[in-house]
Amino acid sequence: LEQSQMLLERSIWCFEQTDVFELAAKARIHYSSILFRQELQPPSDEKSANDRAVIEMRAAQLIESLTKEGLFFEALNICSSVAPFLSEYAKEELDKRFIRKIRLVVRED
């Protein structure tokens, strides 16, 4: 993740220098996702219910942004990273309503 973070920082800088703002925005979203996944490193059993709710909300926002930018693989990475912090019900719903659909889209490409 650290190498990805460094490469994305460079990409953002390059895109901004060349006024390619659309790609800079896409790289920023991806960078935010990498940072979020790095923050999730501590064991999930050390998180309070409130912490888990915040994680779930941030993950949902990032997944939405990543999906809008067409960064489906990173959206799936977020899903698997937050899975240990979710209830069984939330995991099942995420899989049923999002992950399966994204995997179909990725296979079609």
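Preceding block: the structure.
Residues numbered from 1 in each chain as written. Predicted model: local features only at pLDDT ≥ 70, side-chain atom pairs only at ≥ 80, totals over all residues. Heavy atoms only, no water.

Q: Can you help me understand the packing of helix α2 (residues 21–39) against helix α3 (residues 49–68) in this one?
A: For any two helices packed against each other, the geometry comes down to the angle between their axes and how far apart the axes lie. Axis separation between α2 and α3 bottoms out at 10 Å; the angle between their running directions is 155°. In this view, α2 runs roughly antiparallel relative to α3, as classed from their interaxial angle. Both α2 and α3 take part in a crossing whose hand is left-handed. Residues Ile 29, His 30, Ser 32, Ser 33, Phe 36 and Glu 39 of α2 form the contact with α3, whose own contacting residues are Ile 55, Arg 58, Ala 59, Leu 62, Ser 65 and Leu 66. Of the residues belonging to the contact of α2 with α3, the class tally is six nonpolar, four polar and two charged. (Axes fitted to C-alpha atoms, helices over the stretch in contact; angles between N-to-C directions. Helix = DSSP H or I, 4+ residues; strand = E, 2+ residues; numbered from the N terminus. Parallel < 35°, antiparallel > 145°, perpendicular 65-115°, else oblique. Left-handed = near helix turned anticlockwise from the far one by under 90°. Contact = heavy atoms within 4.5 Å. Nonpolar A, V, L, I, M, F, W, Y, C, P; charged D, E, K, R; others polar.)

Q: How should the packing of α3 against helix α4 (residues 72–82) be read in this particular structure?
A: Two elements in contact, α3 and α4, have axes separated by 8 Å at closest approach and are oriented at 165°. Here α3 lies roughly antiparallel to α4, going by the angle between them. Of the two elements, α3 crosses α4, and the hand of that crossing is left-handed. On α4, the residues touching Ile 55, Ala 59, Leu 62, Ile 63, Leu 66 and Thr 67 of α3 are Phe 72, Glu 74, Ala 75, Ile 78, Cys 79 and Val 82.

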